[in-house]
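The residues making up each chain are set out below.
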Amino acid sequence: MTATLPPAAPVPTARWLLEPQVGLCACAPSGRRRKGTYVTRTIDAAAGVVRAALFAEDAAAQPGLLQRLDARVKLVTLLGLLVAVSLVQQIPVLVVAYAATLVLAVLSKLPLGAFVRRVWLAIPLFTGIVVLPATLNLITKGHVVVPLGSWFGHRVGMTAPGLTGAARIVLRVATSVSVAVLLTTTTRWTRLLAALRALLVPRMFVLVLGVAYRYLFHLLGSVTDMYEARRARTVGAEDGRSGRAFVAASAGALFGKSHQLAEEVHQAMVARGYVGDARTLSAFRLRALDVAWIAVAVVAAGALVGLDRGL
Amino acid sequence: MHIPDGYLSPATCAGLGAGMVPAWWAAGRRVRRVVTSRSVPLLALGSAFCFVVMMFNVPVPNGTTAHAAGGVLVAILLGPWAAVIAVSTALLIQALFFGDGGVLAYGANCFNLALVMPMVGYGTYRLAAGRSALTSRRRAVAAGVGGYVGINAGALCVAIELGLQPTLFHDAQGAPLYAPFHLSQTIPAVLGAHLLVAGVVELALTVGVLGYLQRANQPVLRLNPAHARLRHRPAAVDAEPEPASGQGARGGAAGPVRPGRGGGTGWRWALIGLAVMVLLTPLGLLAPGTAFGESSPRQLDLAAYHLDAVPHGLQRYAGFWHGALFDGYGFAGARHPTVAYLVSALVGTLVIGGVVLGLSALVGPRQRRRHGDAAGHPDDAADVDLRAAAGRVQDSGHPGGAPDVDLRAAADRVENSAHDAPAEAPDRDAAAAVPA
């Protein structure tokens, strides 16, 4: 294309077009690598929330075991299992409990790879890094089983109680997060709200929760719009000061928007007969599967704690 | 700052969750009394806002970004009790719908982020802002200071909760059952990060948002009942003669009147904060060891510091003062250490408070005289009111917004300004219920 053009007087290219810009692209030959500016990170975070919500909606629509259960039953039994897991102290029992969550995920037709990734990338991996120093004899006293050398004349190494404690907390966190993810991904949020109502959470609180969840995505859309627009009109790198000013202004504008939306929602509610009291449709029915599941959950929780004490 | 499940023992979770129940109950009552039927959408959007603000990445020097928590910001915008509910709701959405933050640890997270952080931060903000005008720079900076103090108070609670776990819950071999780090490690680690980075980010965001709203959207700032009162400042000052306290007489007619009711709430918050800290002092008993031979040079573990002998200066000055009333914060014979700590804390606080009061009695009158000469007070207030009015006009004429809502809100405001206590005006909702 350029070859066919008649030779013209060379037009000097603007300097700023030739300069490698840190903010534009991570691949620019600038010698510094960034993971993205605050703009892209905020957009990514907003997209991440929507992605998680969509993943949960898809998973909740699958014809699996946990999806078929009554939301009240599921909420109470999984909370009970969480308590049981938090009481367990023996590592083999925790391994069994974690394996059980994987079985439940398979029975609920969740994509196993995505499930494991979501659980482990969220917290347990981070927990493992955080508790690593606690395995040293500087923090947890005990018999050194993995000597790591000496530091200022002291022997430093990983102790047996330290390693046990670290393995225990990582496994417990992984199992707890798995149970929570099982609950959130196999239940539609409307059913979860109704289940909360059935658990004697005050009606007003459930109503606030429902409206908040509904308009959360609206506000996320506003944030994405603002930050996309910012990205579209930003050329080159931005200094921190103007970036912070923009973040503060966008948060302030977002609050203005959410207040205006609250006024509109209130008027819409009043127009539909809202007088300050909430009513919910409750069409819960216990079926044989629910009763069987309650029995399984009680036995499982008892077995976990009993096995733990017995070992 | 969210604590996931598995870090805290079930007993800790249950205790903190039970502690949150009265807070939620009180918050529900307060909020319903102040905003009645409007409360549901306002709180819902407030908590959605809170959720979203927690995702904002704030650029910090060195090219990285950090998150803000926003609890204090919501407390300043909606009032502290509304913030308790809004932040709790945001945390519940994170825990239940997105599996972020613990389900069992929900009560603990609420205690740190939805109760301690907004309350301490808001108290600091009210103390620092005093009765300054709604649009003053001081108010924005006070909000930032509140954010900084609030997030650090929350972080301190997190550190204490995590640090107590290995002391209270471990197996026979001493292996920790839950979080493994001790208080002496969690407090520096968690608090250091928050004092240096997260607190500064919180400060920057809170100052920025308040500054933006002061410039661009003042009506929204008046959502907080405490801010709505500020509008009446000139009238309120006239209407509050306060003959009983004698402060009005001292302030004079022309000079700035010393804080009356607002100052009273500030004192109350300060006293509550001090009382909480006094009650927490026995936590120091849990810390193992002493700080570099604090109580006696002989207790110094010389080998740990690669020393051959106790340093000469330390030896010489160690026994310099023997007249301590509570030696080592304890009674003679080291009986009842917890009670001794509480008594020491109380006595120390009273002594320091007395010294500060004495100094301020010496310095105060001179400063007040100097400020009284400036006498910019009435003009100042009028200026603020004009600016507020301009802000309101600008807002209702905003092309992007839904005009009828703004007009209605403006009408509400005009109506409210006829009342002395706008927050409790009963016909506010009646006006909103009439179809447009």
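Residues numbered from 1 in each chain as written. Chains lettered and ligands numbered in written order. Predicted model: local features only at pLDDT ≥ 70, side-chain atom pairs only at ≥ 80, totals over all residues.

1. Looking at the overall build of chain A
Tallying secondary structure elements over chain A gives 12 helices and 2 strands in all. Shown N-terminal to C-terminal, the secondary structure of chain A runs as helices and strands in the order α-α-α-α-α-α-α-β-β-α-α-α-α-α. The buried share among the 311 residues of chain A stands at 38%. (Helix = DSSP H or I, 4+ residues; strand = E, 2+ residues; numbered from the N terminus. Buried ≥ 20, exposed ≤ 12 C-beta atoms within 10 Å, placed from the backbone.)

2. Considering the overall build of chain B
Within chain B one finds 17 helices and 2 strands. Taken over 436 residues, chain B has a buried fraction of 40%. Taking the intrachain contacts of chain B between residues at least 6 apart in sequence as the baseline, contacts between residues at least 24 apart amount to 69%. (Contact = placed C-beta atoms within 7 Å.)

3. Some points on the interface of chain A and chain B
The extent of an interface is frequently quoted as the accessible surface area lost upon association of the parts. Counting from both sides, the interface comprises 78 residues of chain A and, opposite them, 70 residues of chain B. Of all the elements in the fold, those that place two or more residues in the side of chain A that touches chain B are helix H2 (38-61), helix H4 (71-87), helix H8 (160-185), helix H9 (189-198), helix H10 (203-232) and helix H11 (240-271) of chain A. With 24 residues, the single largest contributor to the side of chain A that touches chain B is H11 of chain A. Tallied by class, residues from the side of chain A that touches chain B come to 51 nonpolar, 19 polar and 8 charged. (Nonpolar A, V, L, I, M, F, W, Y, C, P; charged D, E, K, R; others polar.)

4. Comments concerning the packing of H11 of chain A against helix H2 (residues 39-53) of chain B
Where H11 of chain A meets H2 of chain B, the closest approach of the two axes is 8 Å, and the angle between their N-to-C directions is 150°. Between H11 of chain A and H2 of chain B, the interaxial angle falls into the category roughly antiparallel. Relative to H2 of chain B, the crossing made by H11 of chain A is right-handed. Facing Ala 251, Leu 254, Phe 255, Ser 258, His 259, Leu 261, Ala 262, Val 265, His 266 and Met 269 of chain A of H11 of chain A, the residues of H2 of chain B in contact are Pro 41, Leu 42, Leu 45, Ala 48, Phe 49, Val 52 and Val 53 of chain B. (Axes fitted to C-alpha atoms, helices over the stretch in contact; angles between N-to-C directions. Parallel < 35°, antiparallel > 145°, perpendicular 65-115°, else oblique. Left-handed = near helix turned anticlockwise from the far one by under 90°.)

5. Section: H11 of chain A
Over its 32 residues, H11 of chain A runs 46 Å from end to end, which matches the ideal 46 Å to within 8%, given 1.5 Å per residue. Looking one or two residues past H11 of chain A, Gly 273 of chain A carries a phi angle of roughly 95°, positive in sign. (Expected span 1.5 Å × (residues − 1).)

6. Looking at unusual backbone geometry
At Lys 109 of chain A, a residue that is not glycine, the phi angle is positive and equals roughly 60°. Tracing the backbone through its elements, the reader meets Lys 109 of chain A in the loop between helix H5 (91-107) and helix H6 (112-122).

7. Let's talk about the environment of His 154 of chain A
With respect to the helices and strands, His 154 of chain A occurs in strand S2 (residues 154-159). The spatial distance from the C-alpha of His 154 of chain A to the C-alpha of Leu 138 of chain A is 9.3 Å, given a sequence separation of 16 residues.

8. Notes on the packing of H11 of chain A against helix H7 (residues 183-216) of chain B
At a minimum axis separation of 8 Å, H11 of chain A and H7 of chain B run at an interaxial angle of 60°. For the element pair H11 of chain A / H7 of chain B, the angle class is oblique. Our pair here, H11 of chain A against H7 of chain B, has a crossing hand that is right-handed. Contacts between H11 of chain A and H7 of chain B involve Arg 244, Ala 245, Val 247, Ala 248, Ala 249, Ala 251 and Gly 252 of chain A on the former and, on the latter, Ala 204, Leu 205, Gly 208, Val 209, Tyr 212, Leu 213 and Ala 216 of chain B.

9. Observations regarding the nonpolar core
Note on soluble globular proteins: their nonpolar side chains tend to be buried together. Counting residues in each nonpolar core, the largest one holds 172 residues, and the members touching the most others are Val 208 and Ala 212 of chain A together with Ala 48, Ala 86, Val 87, Ile 93 and Leu 205 of chain B. In terms of residue count, H10 of chain A provides more of this core than any other element does, 15 residues in total. If near-sequence neighbours (up to four positions away) are discounted, Leu 205 of chain B is found in contact with Val 247, Ala 248 and Ala 251 of chain A together with Val 58, Ala 68 and Leu 73 of chain B. (Core = buried A, V, L, I, M, F, W, Y, C linked by C-beta atoms within 7 Å.)

10. What to know about helix H5 (residues 106-129) of chain B
Residue and element names in this part refer to chain B. Taking 1.5 Å of rise per residue, the 24 residues of H5 would be expected to cover 34 Å, and the 32 Å separating its terminal C-alpha atoms lies within 8% of that figure. The principal kink in H5, of about 30°, is found at Val 116, preceding the proline Pro 118 by one to four residues. The buried fraction of H5 amounts to 23 of the 24 residues, a majority that puts the element mostly inside the structure. Just downstream of H5, Gly 130 is the residue with a positive phi angle, here 55°. (Bend = angle between axes of the 7 residues up to and from the residue.)

11. Concerning the environment of Leu 213 of chain B
Tracing the sequence through the fold places Leu 213 of chain B in helix H7. Once the C-alpha coordinates of Leu 213 of chain B and Thr 135 of chain B are considered, the two residues, 78 residues apart in sequence, prove to be 9.0 Å apart. Those residues in contact with Leu 213 of chain B, other than ones at most four positions away along the chain, are Gly 252 of chain A together with Gln 218, Val 220 and Leu 221 of chain B.

12. Side note on the confidence of the model for chain A
All names here are of chain A. With 86% of its residues at a pLDDT of at least 70, chain A reaches an overall mean of 82. Per-residue pLDDT, averaged within each element of chain A, yields its smallest value for helix H1 (residues 15-18) (70) and its largest for H5 (92). Segment residues 24-33 is flagged for pLDDT under 50; beyond a separation of four residues in sequence, or across chains, it makes 10 contacts in the model. (pLDDT = per-residue confidence, 0-100.)

13. Thoughts on the confidence of the model for chain B
All names here are of chain B. When pLDDT is averaged along chain B, the result is 73, and 66% of the positions lie at 70 or above. Averaged over each element, pLDDT in chain B is lowest for helix H11 (residues 247-251) (38) and highest for H5 (93). The low-confidence segment residues 232-264, where pLDDT is below 50, has 28 contacts with residues more than four positions distant or belonging to other chains. This stretch, residues 372-407, has a pLDDT under 50; its non-local contacts, to residues over four places away or in other chains, come to 37 contacts. Reported confidence for the predicted complex is 0.82 by ipTM and 0.67 by pTM.

14. A look at the pairing of strand S1 (residues 144-151) of chain A
Regular strands show a simple pattern: their side chains alternate between the two faces of the sheet. All names here are of chain A. The element S1 is barely covered by neighbouring structure, given that only 0 of its 8 residues are classed as buried. Sheet topology places S1 next to S2; 5 bridges connect them, and they run antiparallel. Bridged to Pro 147 within S2 is Gly 157. (Pairing = 2+ DSSP bridges.)

15. Here's the deal with the environment of Tyr 125 of chain B
Residues and elements named next belong to chain B. With respect to the element layout, Tyr 125 can be found in helix H5. Along the sequence, Tyr 125 and Val 145 sit 20 residues apart, while their C-alpha atoms lie 6.7 Å from each other. Setting aside anything within four residues of it in sequence, one finds Tyr 125 in contact with Ile 76, Ala 142, Ala 143 and Gly 146.

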